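These are the residues of each chain, in order.
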Protein chains: 4
Amino acid sequence: MPGRHHLYIPGPTNVPDRLLRAMHRAQEDHRSAAFPALTRSILDRLPAVVGSTTATPFVFPASGSAMWEAALVNSVHPGSRLLAVRFGQFSHLFIQTARQLGYVVDVIEVPWGEGAHPGLIEAALRADPAHDIKGVLLVHNETATGVTSDVGAVRTAMDRAGHPALLYVDGVSSIASLAFEMDAWRVDCAITGSQKGFMLPAGLGILYCSPRVVRALDTVTTPRAYFDLRPMLANNAQGYFPSTPALTLLWGLDEALTMLLDEGMANVVARHRRLAEGVRRAVHAWGLSLCASNAAWYSDTVTAVVVPDGADARVVIAHAASRWNLSLGSGLTQLAGKVFRIGHMGDVNELMLAGALAGTEMALLDAGIALTPGSGVAAAASWWRESAPLSVH
Amino acid sequence: MPGRHHLYIPGPTNVPDRLLRAMHRAQEDHRSAAFPALTRSILDRLPAVVGSTTATPFVFPASGSAMWEAALVNSVHPGSRLLAVRFGQFSHLFIQTARQLGYVVDVIEVPWGEGAHPGLIEAALRADPAHDIKGVLLVHNETATGVTSDVGAVRTAMDRAGHPALLYVDGVSSIASLAFEMDAWRVDCAITGSQKGFMLPAGLGILYCSPRVVRALDTVTTPRAYFDLRPMLANNAQGYFPSTPALTLLWGLDEALTMLLDEGMANVVARHRRLAEGVRRAVHAWGLSLCASNAAWYSDTVTAVVVPDGADARVVIAHAASRWNLSLGSGLTQLAGKVFRIGHMGDVNELMLAGALAGTEMALLDAGIALTPGSGVAAAASWWRESAPLSVH
Amino acid sequence: MPGRHHLYIPGPTNVPDRLLRAMHRAQEDHRSAAFPALTRSILDRLPAVVGSTTATPFVFPASGSAMWEAALVNSVHPGSRLLAVRFGQFSHLFIQTARQLGYVVDVIEVPWGEGAHPGLIEAALRADPAHDIKGVLLVHNETATGVTSDVGAVRTAMDRAGHPALLYVDGVSSIASLAFEMDAWRVDCAITGSQKGFMLPAGLGILYCSPRVVRALDTVTTPRAYFDLRPMLANNAQGYFPSTPALTLLWGLDEALTMLLDEGMANVVARHRRLAEGVRRAVHAWGLSLCASNAAWYSDTVTAVVVPDGADARVVIAHAASRWNLSLGSGLTQLAGKVFRIGHMGDVNELMLAGALAGTEMALLDAGIALTPGSGVAAAASWWRESAPLSVH
Amino acid sequence: MPGRHHLYIPGPTNVPDRLLRAMHRAQEDHRSAAFPALTRSILDRLPAVVGSTTATPFVFPASGSAMWEAALVNSVHPGSRLLAVRFGQFSHLFIQTARQLGYVVDVIEVPWGEGAHPGLIEAALRADPAHDIKGVLLVHNETATGVTSDVGAVRTAMDRAGHPALLYVDGVSSIASLAFEMDAWRVDCAITGSQKGFMLPAGLGILYCSPRVVRALDTVTTPRAYFDLRPMLANNAQGYFPSTPALTLLWGLDEALTMLLDEGMANVVARHRRLAEGVRRAVHAWGLSLCASNAAWYSDTVTAVVVPDGADARVVIAHAASRWNLSLGSGLTQLAGKVFRIGHMGDVNELMLAGALAGTEMALLDAGIALTPGSGVAAAASWWRESAPLSVH
């Protein structure tokens, strides 16, 4: 199909040309005397992205979800008991991973479309006076439903319960896009990958550990090899990696950090919020609703849109792909056919999203869903004009 | 500014990533035994783009406008008399080039916004019974005004006048985008560059000559060196070039030919027509008019939009650039401030243009020009939906 | 430093520009209807590289060494007993990984510079009539010492012992460069990564499993999540991956397979042998010896060179890097300072290696090691001329 | 053929990956408010490359040889008389270009292998007391023979003759590689292209004009259009170009300037001299001689090697290409079969040339030319070691 493909799934996101260029390089010797400069440039700057000055970051050749495993096997003993909230496919998979690794997970079930109610977590922890629960698993931004939970409120709930469990936060679709305050929230393990807010292809798992976790690495008895953080920590301290690193992606990550920090994390967050609000106004102008059940849960990186009863979201997605060269995300498991998802994270701007909204609108009409043509783009554009920085002219 | 830049000037156009990749290569020996395969792949396939089986194509490291000079110095004697129609900045520059080279040019002045009236050309030629006029200079698609002339009708007018002048057609913003029938129209020199329909960066001038021009190369006495077609012809026949060719752009051109011919020239033309019609419907929905004075002149590669009295198109362009990361073309010389131009040629599709139209609409509003928000995208999208190939679903 | 860097470490290897181009692409939707074509193109062609028609290949975002873990946790129960031969750093790390995962490893210690003596393995297996040993761990090509073991002979020894243990072969620095006959040798798990014979950056772990291993996946009780082959198998069958794949590297792998299979695996193997023989002749012409203790162990992908007593290989490596822009591999652990290593695998040819040998020679002289200048290149070149295909002229 | 191609023709040269990356970019609007920053970065820095603070540089989409024409048509009247020295194919073509454009050229014939004898030029100018001769055409580095002339000595000769002719210097294969002192030598027009010392693909012609030439632009009556410097000068002053510039190559040129000026022109020159001396020592070690008839003429960018009587240099070149993936330059016209040429300019280093010399040696042997194997590389390497900067170790 002529012209650019329009990729608005919730990851992988659009990789800026600048990052593609940064990765188009001849390989180098990862054991050379010059190599540590790269390692340090990355590791020294990663914490700023999650609002931390104390976290230790780890970068693995792996997918983001591999960091669920890396976080757990390095921080709790075999068979430990964990507490998790399930409200979407990714919170489900986090739980499943923990169970496959032999951990026991207490699950608080929440309807998909809602997020982590701090009160429920507090109650569950209060019901564990023996502190048998060793960790709380939380998906910050549930990519399946477009729901963002309030990590700070969860931390407050944990404090209120006086419970010492570790706090594990999956930030795969939030970190580097949404406000993330690892230090303020006292997150113990923050988990992400390269292919969302970091604007890179998939292939790197990124894990941030609190000092509490790092201090306890040697005491944890869960068997582990590839994801063992100890050799990584020792090698990183010298500027190296224990096995051959995914150099190409490291060069990209280094450049992505420059882009993010040059823009400023507060600006990155504000941009995502402002762009996302345009998308939501478009959805409402079409007369459709979000999967997120109320505004408090709205995600600024992905919007899951519910199609009217009788319509099939898969038909919308299929028309978008075949007629308009537009990729939208599908509804997963219990949401299949009921929602489609628009990703709006990473290196995006107003006109990219205007094109995506125009295509979504056309695909909705193709699927027989009634709406006023142009209404979505008009609503988004009006918001973006209203909220845009003053022109320099 | 985050996200992709939106480039909708009438050239250079968006270079597809596939062509950027094709150009990202180590250099090779342009005198090697293997090299002629590339030369032949390009030269053998170029004529199909202009509907010719008889033309000889020439490719120079040069801008497209350099081919005005290359065409003239190789085909007419010093001081020859030529006939031209002027209705925009590029027809003006073609005339100016001819005069700088010492040719005498009779100019038919036509209001900007109209094109080449065949009747005026016929009359001018009939007024030259001695056949003193050696060539007719015609800009097929006037990029400054978004006006396409009917080359076939001009040829018919020349035939009716029984005049043997050569027909020079500037196809810089038409070739590889609009229908071009070099053989059927008996064009003698067709002129273009790499940065429009060929979807490449600027840097190659492309000239097609009819057999009549090629046969007469040795008889023409205009002094010429770099643009002398004779050494080019002799070297090309062996698969080589007389001086070091711009290899990078040649690799790009070879791949661009594959893209164009795989899509099929008729499909390329139909796509441009269909996309352009959407842009025009958007302009009309905004209540604005085109610089092209009537539908017969509408260009399918560039739309010049007239802003209302009292408004300044430069303000629209400035807002588009600074607020929306969108480049629009400006009005040139007598049209400065009165029009802005939207380029829609090359590797474009519906959603790219929807984004461009959304941005244009926002910039028009920023400039204080009243319109119904969303009306442009809605009108374009409705047309595109109506005219789209049936979905495979 | 001006000019190209000369990278002759034993991995990562030189990535051909063609593969860099293949990876320089905008991302796509890994859940689209079009995506399975890529998955199938890769998975269908991977077995041919290891001489197999029956193996099931798995591709992970991970380093090659991660596949040690992936192989073990999917094929043997927790605490199982394994047999391994240790004769270099990588055979050591394979053993260490197994132990970290809780397996019990019987180790046959062999001097570094030798390989896996089939007789020792046979004896060890005969000493286990109860078939308590569940697997034999073998590093095909020990990258630390430049030693290639005879996998076929090990298989024969296992057969002679009548022992049913699984055969795990680390082919990280052999697969796609040296002869590898997975079916003929009845290898159960073959392990490699993207950054050696596949000529790509690091970032993909590649694991081939025999039908015997695949059949038993559900019965193995070792806890596993990221490396669990079952969801990978299920998703792959549909053309997808369970988590977001490292798309960039997959595009590269697909193109690398085309390069390898177009050249033909037998030709790839012969090229490596012929090029490596030139390197060895250079080493001998310098009067130096190989770490590999006799010709039967010589590796065709990496040559570890022993420096004379009193010399320090690290000085050679340092001069190569700082004066000649040449990266050589260092001696690891017990070989530190005693050997340096020349990698000659992947996309290499005679003149690349001639440059590397010239630089090595210069660095040896810089380090005060006496040799006849030019002798190494002369010896290599003579062999390459002698063994070169006849010129077409 | 596997591995990198070895390109050692005297242009195009090896384009550093850094420059390929700089050119791999989406197009931008060459009429935008942001664009002049690029124009100025290039034009402001170009003079330093030729040792000038007073020259005005011009950059055209064109080949380097087009600048012969651009220089002449902008500086002398039609039919003017010029003086030139001919001692190779490129000095011949410069003369031919001038004649094709209608100028009258007095030619001093010199045997190929020698350069511009200042005494002959002085004599010719003294023989023109009426100052009828308007310009002296000089090829600084004759690429066909590997001969560098002494421009400063020619200027002194012109001064001694008290002759006001303009001095035109073709620096296509010298500028950005050899010492070039435009101001000190009072060169009026210095001519080059992008594909040699600037390390880029061909496609840009670069012309430097002295203030004397710039001042007289309006008085020169030679017809000209594309190469007319006046609109270029006027547009450049505003940061723009009169026609669409070859953006891709401009980005590359901007980055190439950064590379050159960061290294420092004196270091660039010294590097070329040192590397070239190694090549010459190799040639002498093989028992062969240079086309340049004595050391005073030796070029540091290209070495033309004379094969022994009875041998055919074309056979050497053919073996190099087909057996060793090495491109060498051929002998042109009267030197065909008698010499082959090794290019060693631009982004090269010792080991790249060591590979090229090894391949040349192998091809010489393939062609039946007797030499001591390894002797060339040994001689070059010994020189490079001897002359290398002290190692940091």
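On a predicted model such as this, the values are computed, not experimentally measured, just so you know.

Chemist: Can you break down the sheet that holds strand 11 (residues 289-290) of chain A residue by residue, with the values?
Modeler: Residue and element names in this part refer to chain A. Pairing within the open sheet is mixed, and its five strands lie in the order 1-13-14-12-11. At either margin of the open sheet sits one strand with a lone partner, and together these are strand 1 (6-8) and strand 11. Looking at chain direction, strand 12 (residues 302-306) and strand 14 (residues 339-343) are connected through five bridges and run antiparallel. Looking across to strand 14, one finds that V306 is bridged to V339.

Chemist: Give a detailed account of the interface of chain A and chain B, specifying residues and quantitative values.
Modeler: On the side of chain B, 43 residues touch chain A, which itself brings 43 residues to the contact. Approximately 3600 Å² of surface area, both sides summed, lies buried where chain A meets chain B, with 63% of it carried by carbon and sulfur atoms. By the criterion of area lost to chain B, the three top residues of chain A are R4, L351 and R385 of chain A, representing 21% of everything that side buries. Between chain A and chain B we count four salt bridges in total. Of the charged contacts in the structure, one is a salt bridge between D17 of chain B and R4 of chain A, with a shortest N-O distance of 3.4 Å. Viewed at the interface, chain B and chain A are joined by 19 residue pairs in polar contact (both at pLDDT 80 or more). Mapped onto the side of chain A that touches chain B, the elements with two or more residues apiece are helix 10 (265-285), helix 11 (313-324), helix 12 (350-366) and helix 13 (375-387) of chain A. Among the elements that make up the side of chain A that touches chain B, the one with the highest residue count is helix 12 of chain A (ten residues). A breakdown of the residues in the side of chain A that touches chain B according to their chemical character gives 20 nonpolar, 13 polar and ten charged.

Chemist: Just give me the short version of the sheet that holds strand 1 (residues 6-8) of chain B, but keep the residues and values in it.
Modeler: Residue and element names in this part refer to chain B. In spatial order, the strands read 1-13-14-12-11; together these five strands make up an open sheet with mixed pairing. The sheet terminates laterally at strand 1 and strand 11 (289-290), the two strands that pair on one side only. Of the strand pairs in this sheet, strand 13 (residues 326-330) and strand 14 (residues 339-343) are connected by two bridges, and their pairing is antiparallel. Residue G329 lies in a different strand from strand 14, and its bridge partner there is R341. Across the sheet, helix 12 (residues 313-324) touches strand 1, strand 13 and strand 14, and the angle it forms with strand 13 is around 160 degrees.

Chemist: Tell me about the interface of chain D and chain A, residues and numbers included.
Modeler: In this complex, chain D contributes five residues to the contact, which on the side of chain A involves five residues. Across the chain D to chain A interface the summed buried area is about 420 Å²; carbon plus sulfur atoms make up 51%. Remark: the boundary between chain D and chain A carries zero salt bridges. At the junction of chain D with chain A, the criterion picks out two residue pairs in polar contact (both at pLDDT 80 or more). Taken together, the residues that form the side of chain D that touches chain A break down as one nonpolar, one polar and three charged.

Chemist: Kindly report on the relation of the copies chain D and chain A, identifying the contributing residues and their values.
Modeler: Mapping chain D onto chain A calls for a screw motion: a turn of 180 degrees about the axis and a shift of 0.0 Å along it, with 0.0 Å RMSD after fitting. Here the transformation between the copies is reduced to the relation of a two-fold axis. The C-alpha atom lying nearest the rotation axis in chain D is that of R21 of chain D; the distance is 3.0 Å.

Chemist: Before we move on, can you summarise unusual backbone geometry with the specific residues and values?
Modeler: Following G11 of chain A, the chain continues into P12 of chain A via a peptide bond in cis, with omega recorded as 0 degrees. With respect to the element layout, P12 of chain A can be found in the loop between strand 1 and helix 1 (17-23). For R186 of chain A, which is not glycine, the phi dihedral falls at a positive 45 degrees. With a relative accessible area of 44%, R186 of chain A lands in the partly exposed category. Positioned with a positive phi, T333 of chain B is a non-glycine residue whose angle comes to about 45 degrees. Among the secondary structure elements, T333 of chain B is positioned in the loop between strand 13 and strand 14. Here T333 of chain B falls in the exposed class, since its relative accessible area comes to 52%.

Chemist: Give me the relation of the copies chain A and chain B: which residues, what numbers.
Modeler: In this arrangement, two copies of a chain are superimposed by a rotation about an axis accompanied by a shift along the axis. With an RMSD of 0.0 Å, chain A superimposes on chain B once it is rotated by 180 degrees and translated 0.0 Å along the axis. A shared binding surface is used by both copies, with 100% of the interface residues of chain A retained as interface residues in chain B.

Chemist: Describe the pairing of strand 8 (residues 166-170) of chain C, listing the residues and the values that go with them.
Modeler: All names here are of chain C. Here strand 8 lies mainly inside the structure; five of its five residues are buried. The alternating pattern of strand 8 places L166, Y168 and D170 on one face and L167 and V169 on the opposite face, and all of these are buried. The sheet contact formed by strand 5 (residues 133-139) and strand 8 spans five bridges and is parallel. Bridging from a neighbouring strand, V139 pairs with D170 of strand 8. Here three bridges tie strand 8 to strand 9 (residues 189-193), and the two strands are oriented parallel to one another.

How each quantity is defined
Every chain's residues receive numbers from 1 upward, in the order its sequence appears when written. Chains and ligands are labelled by the order in which they are written, letters from A for the one and numbers from 1 for the other. Per-residue local features are limited, in this predicted model, to residues with pLDDT of at least 70; the limit for side-chain atom pairs, both in listing and counting, is 80 or more; totals at the level of whole chains, interfaces and linings are taken over all residues. Excluding hydrogens and water, the side-chain values take into account all heavy atoms of the structure. Strand pairing is assigned whenever DSSP identifies at least 2 bridges connecting the two strands. Put simply, DSSP H or I for four residues or longer makes a helix, DSSP E for two residues or longer makes a strand, and each gets a number counted from the N terminus. The contact definition used throughout considers only heavy atoms, calling two residues in contact when any of these lie within 4.5 Å. Accessible-area loss on putting two parts together, using a 1.4 Å probe and summing over both, is the definition of buried area adopted here. Here, a salt bridge means any Lys or Arg side-chain nitrogen found within 4 Å of an Asp or Glu carboxyl oxygen. Contacts described as polar in this section are N or O atom pairs within 3.5 Å, which, within protein, must combine one atom able to donate a hydrogen with one able to accept it, while residues neighboring in sequence count only if both atoms come from side chains. In this count, Pro and Cys sit with the nonpolar residues alongside Ala, Val, Leu, Ile, Met, Phe, Trp and Tyr, while Asp, Glu, Lys and Arg are called charged and the others, Gly among them, polar. Axis lines are fitted to C-alpha atoms, over the contacting stretch for helices. Their N-to-C directions set the angle, which ranges from 0 to 180 degrees. For this overlay, a least-squares fit was computed on C-alpha atoms, restricted to residues scoring pLDDT of at least 70 in both copies. Partly exposed residues are those whose accessible area sits between 20% and 50% of the maximum for their type, while under 20% is buried and over 50% is exposed, using a 1.4 Å probe and protein chains only.

Note that all results are geometric; they support no functional claim without further evidence.
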